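The chain contents come next:
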Amino acid sequence: MRYPPLGERGQAKLQASRVLICGCGALGSVLANTLGRAGVGHLRIVDRDFLELNNLQRQVLYDEEDVAAGIPKAIAAADKLRKINSQIDIEPLVTDVDHTNIEQLIDGVDMIVDGTDNFETRFLLNDTAVKFDIPWVYGGCIGAEGQSMTIVPGDTPCLRCLMQESPPPGTTPTCDTAGILGPIINIIASLEACEAIKILSGNRDAINRTLTVVELWDNRIRQVKLGSLKEAVDCPTCKHREFPWLAGERGSHTAILCGRNAVQLSFPERQSLSLDSLAAKLQGVGTVTQNRFLLRLAVDDYLLTIFPDGRAIIGGTEEIAEAKTIYAKYIGS
Amino acid sequence: MNILFNGEPRSVRDAITIAELLEKLALDPRRVAVEVNLDLAPRDRHGETTLKEGDQLEVVTLVGGG
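Please read all numbers here as calculations on a predicted model, not as lab measurements.

A.B. asks: Honestly, the overall build of chain B in this entry has me stumped. Any pointers?
C.D. replies: Each helix and strand counted, chain B has 1 helix and 5 strands in total. By the compact-globule yardstick of 11 Å for 66 residues, chain B fits well, its C-alpha radius of gyration being 12 Å. Along the first, second and third principal axes, the C-alpha set of chain B runs to 40 × 25 × 20 Å. Here chain B, with 66 residues, has 45% of them falling under the buried criterion. Considering only intrachain contacts with a sequence separation of at least 6, the fraction spanning at least 24 residues in chain B is 53%. Only carbon and sulfur atoms are counted for the fraction: they give 48% of the accessible area of chain B, which is about 3,200 Å². A gap of 5 Å separates the mean positions of the 8 positive and 12 negative side-chain charges of chain B.

Rendered as structure tokens:
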């Protein structure tokens, strides 16, 4: 509040703002922490995943107790944030973000910040943000490298002005192959959070209009000017208003989870699964553990985590086909 | 002529365009962004943008983790 460009007026605007934090892993937990402490009035935190011990190296909102409790990240984040700032509203949602629910998720929000770990969701966010005229901030990290870009529809270039297509699966490094260094997460998420604070506090003129590329290990930080990009590119999203990710024409319903040796399977039509009856069914198949958010089955070398919406995370493989087989074998599809 | 490609010196033919360079390197122009001297080169102009001696060119791919 004492920072003059923000002032009391800016702080009041933050208090009245609503943000969607899309993904609450490494980037997302820094975003939630920073925006929650800054006094952004309403944080809607959506994440599909639950906590594992190796998340703690970079996912700053969580601790060993959260891992032991096996609770979903969105829930753990909300619990922690309520202790940090009791004066803001926190709305945790444990679900996968896809074209079927994104319009609900953005309902009433002033902007979206990127805490996701995959390209598919980012292009979906870009489609949605441009179509519904909502600012969003892209951020991504791998190894010691990170990038961020602020997108204000109608004003700045969008993600698809920058890059027409996402890299095909298997062609870029993942958290598995390249690892991820803790500090790059904090840098990129902090850049994103500051952009959000500028936009939400009514200081759009201060936004960063470059693509920021940080190569932390090689000591290089570049601000790439986006200059004429918006005018020069015949962008399918901004110019032609084509939104294939939002229309469900692009993107699969499976995802290999970054750094997890796991595959997530989800289904276009959400189901309503009784974890209790599933637990009963699986007794004797393997080791079953359960809480009110999820059920786990350890069998052979696999760890299956099943959510009430029918979604499952199959640990122990990175092969989508193998994961589908395991799902079909134990859950049934 | 010599350019700096992703921070490393590289020799290319005079007045090569960005499109030609990407093709030579087998890089899919739809999936990379190219910056020349810290300015992003719009992909619709790669075919007409020629490089000069000493240009610093970086090929940027999106990073997807987080």
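A.B. asks: Would you take a moment to explain the sheet that holds strand β11 (residues 287-290) of chain A for this structure?
C.D. replies: Sheet strands pair via backbone hydrogen bonds, and the direction of the pair is either parallel or antiparallel. Residue and element names in this part refer to chain A. Spatially, β9-β10-β14-β13-β12-β11 is the arrangement adopted by the 6 strands of the open sheet, whose pairing is antiparallel. What marks the edges here is a single partner per strand, and that holds for β9 (254-257) and β11. Taken over all neighbouring pairs, the strand axes of this sheet differ in orientation by 15° on average, direction set aside. The sheet contact formed by strand β12 (residues 295-299) and strand β13 (residues 302-306) spans 5 bridges and is antiparallel. Within β13, the residue paired with Leu-295 across the bridge is Ile-306.

A.B. asks: Explanation requested: helix α2 (residues 26-38) of chain A in the structure shown.
C.D. replies: Because each turn of an α-helix spans 3.6 residues, side chains separated by three or four positions in sequence point in the same direction. All names here are of chain A. A rise of 1.5 Å per residue sets the reference length of α2, with its 13 residues, at 18 Å; its end C-alpha atoms lie 18 Å apart and thus fit the reference within 8%. Within α2, 11 of the 13 residues are buried, which leaves the element mostly enclosed by the surrounding structure. Among all positions of α2, only Ala-26, Leu-27, Gly-28, Ser-29, Val-30, Leu-31, Ala-32, Asn-33, Leu-35, Gly-36 and Ala-38 are buried. Immediately beyond the C-terminal end of α2, within one or two residues, lies Gly-39, with a positive phi of roughly 90°.

A.B. asks: I tried to follow the interface of chain A and chain B on my own but got confused; where do I start?
C.D. replies: Where the parts come together, the accessible area they lose is often given as the size of the interface. With 44 residues of chain A in contact, the opposing surface of chain B contributes 20 residues. Buried surface at the junction of chain A and chain B, summed over both partners, amounts to about 2,600 Å²; 57% is from carbon and sulfur atoms. Taken together, the links from chain A to chain B amount to 4 salt bridges. When the shortest N-O distance is used, the salt bridge between Glu-58 of chain B and Arg-220 of chain A registers 2.3 Å. Inspection of the region where chain A meets chain B yields 20 residue pairs in polar contact (both at pLDDT 80 or more).

A.B. asks: How do you make sense of the environment of Lys-80 of chain A when you look at a structure like this?
C.D. replies: All names here are of chain A. Positionally, Lys-80 belongs in helix α4 (residues 73-84). When the C-alpha atoms of Lys-80 and Asp-98 are compared, they prove to be 26 Å apart, with 18 residues separating the residues in sequence. Excluding residues that lie within four positions of it along the chain, Lys-80 makes contacts with Leu-61, Tyr-62, Asp-63 and Asp-66. A polar contact of 3.2 Å, which involves the side chain of Lys-80, links it to the side chain of Asp-63.

A.B. asks: Which parts of the structure should I look at to understand the environment of Asn-291 of chain A?
C.D. replies: Residues and elements named next belong to chain A. As for its position among the elements, Asn-291 is in the loop between β11 and β12. The class of Asn-291 is partly exposed, set by a relative accessible area of 22%. Every residue in contact with Asn-291, bar those within four places of it in the chain, is listed here: Ala-69, Gly-70, Ile-71 and Leu-275. Side-chain polar atoms of Asn-291 contact the backbone oxygen of Gly-70, separated by 3.2 Å. Among the polar contacts listed, one links the side chain of Asn-291 to the backbone nitrogen of Phe-293, at a separation of 2.8 Å.

A.B. asks: Is there a simple way to think about the packing of aromatic side chains in this case?
C.D. replies: To describe a pair of aromatic rings, you give the distance between the ring centres and the angle between the ring planes. All names here are of chain A. Scanning all chains against the criterion turns up 2 aromatic pairs over all chains. For the pair Phe-50 and Phe-307, a centre-to-centre distance of 6.5 Å together with 35° between the ring planes defines the contact as tilted. Here Phe-307 lies in the loop between β13 and β14 (312-315) and Phe-50 lies in the loop between β2 (42-47) and α3 (64-69), a separation of 257 residues in the sequence. Given a relative accessible area of 2%, Phe-50 falls into the buried group.

A.B. asks: Please explain the packing of α2 of chain A against helix α9 (residues 182-200) of chain A as it appears in this structure.
C.D. replies: Packed helices, taken two at a time, are described by the angle their axes make and the gap between the axes. Residue and element names in this part refer to chain A. Here α2 crosses α9 at 40°, and the two axes come no closer than 9 Å. It follows from the interaxial angle that α2 and α9 lie oblique. For the pair α2 and α9, the crossing hand works out as right-handed. In this structure, α2 uses Ala-26, Leu-27, Val-30, Leu-31, Thr-34, Leu-35 and Ala-38 to contact α9, whose residues at the interface are Ile-185, Asn-186, Ile-188, Ala-189, Ser-190, Glu-192, Ala-193, Ala-196 and Ile-197. Taken together, the residues of the contact of α2 with α9 break down into 12 nonpolar, 3 polar and 1 charged.

A.B. asks: Where do I start with the state of the cysteines in this structure?
C.D. replies: Disulfide: a covalent bond connecting the sulfur atoms of a pair of cysteines. Residue and element names in this part refer to chain A. In this structure the tally under the stated criterion is 0 disulfides over all chains. Of the cysteine sulfurs around Cys-24, a residue in no disulfide, the closest is that of Cys-22, at 10 Å. Its relative accessible area of 0% is what places Cys-24 among the buried residues. Free cysteine Cys-161: the closest other cysteine sulfur is in Cys-238, separated by 3.5 Å. Take Cys-161: its relative accessible area is 1%, and that puts it in the buried class.

The rules behind these values
- Residues numbered from 1 in each chain as written.
- Chains lettered and ligands numbered in written order.
- Predicted model: local features only at pLDDT ≥ 70, side-chain atom pairs only at ≥ 80, totals over all residues.
- Heavy atoms only, no water.
- Helix = DSSP H or I, 4+ residues; strand = E, 2+ residues; numbered from the N terminus.
- Rg over C-alpha atoms; globule rule 2.2 N^0.38 Å.
- Buried < 20%, exposed > 50% of the residue type's maximum accessible area, 1.4 Å probe, protein only.
- Contact = heavy atoms within 4.5 Å.
- Areas by Shrake-Rupley, 256 points an atom, 1.4 Å probe, with all protein chains shown as cover.
- Lys, Arg positive; Asp, Glu negative; His and termini not counted.
- Charge placed at Lys NZ, Arg CZ, Asp CG, Glu CD.
- Pairing = 2+ DSSP bridges.
- Axes fitted to C-alpha atoms, helices over the stretch in contact; angles between N-to-C directions.
- Expected span 1.5 Å × (residues − 1).
- Buried area = accessible area lost by both parts, 1.4 Å probe.
- Salt bridge = Lys/Arg side-chain N within 4 Å of Asp/Glu carboxyl O.
- Polar contact = N/O pair within 3.5 Å; in protein donor to acceptor, adjacent residues only side chain to side chain.
- Phe/Tyr/Trp six-rings, centres within 6.5 Å; stacked < 30°, edge-to-face > 60°.
- Parallel < 35°, antiparallel > 145°, perpendicular 65-115°, else oblique.
- Left-handed = near helix turned anticlockwise from the far one by under 90°.
- Nonpolar A, V, L, I, M, F, W, Y, C, P; charged D, E, K, R; others polar.
- Disulfide = S-S within 2.5 Å.

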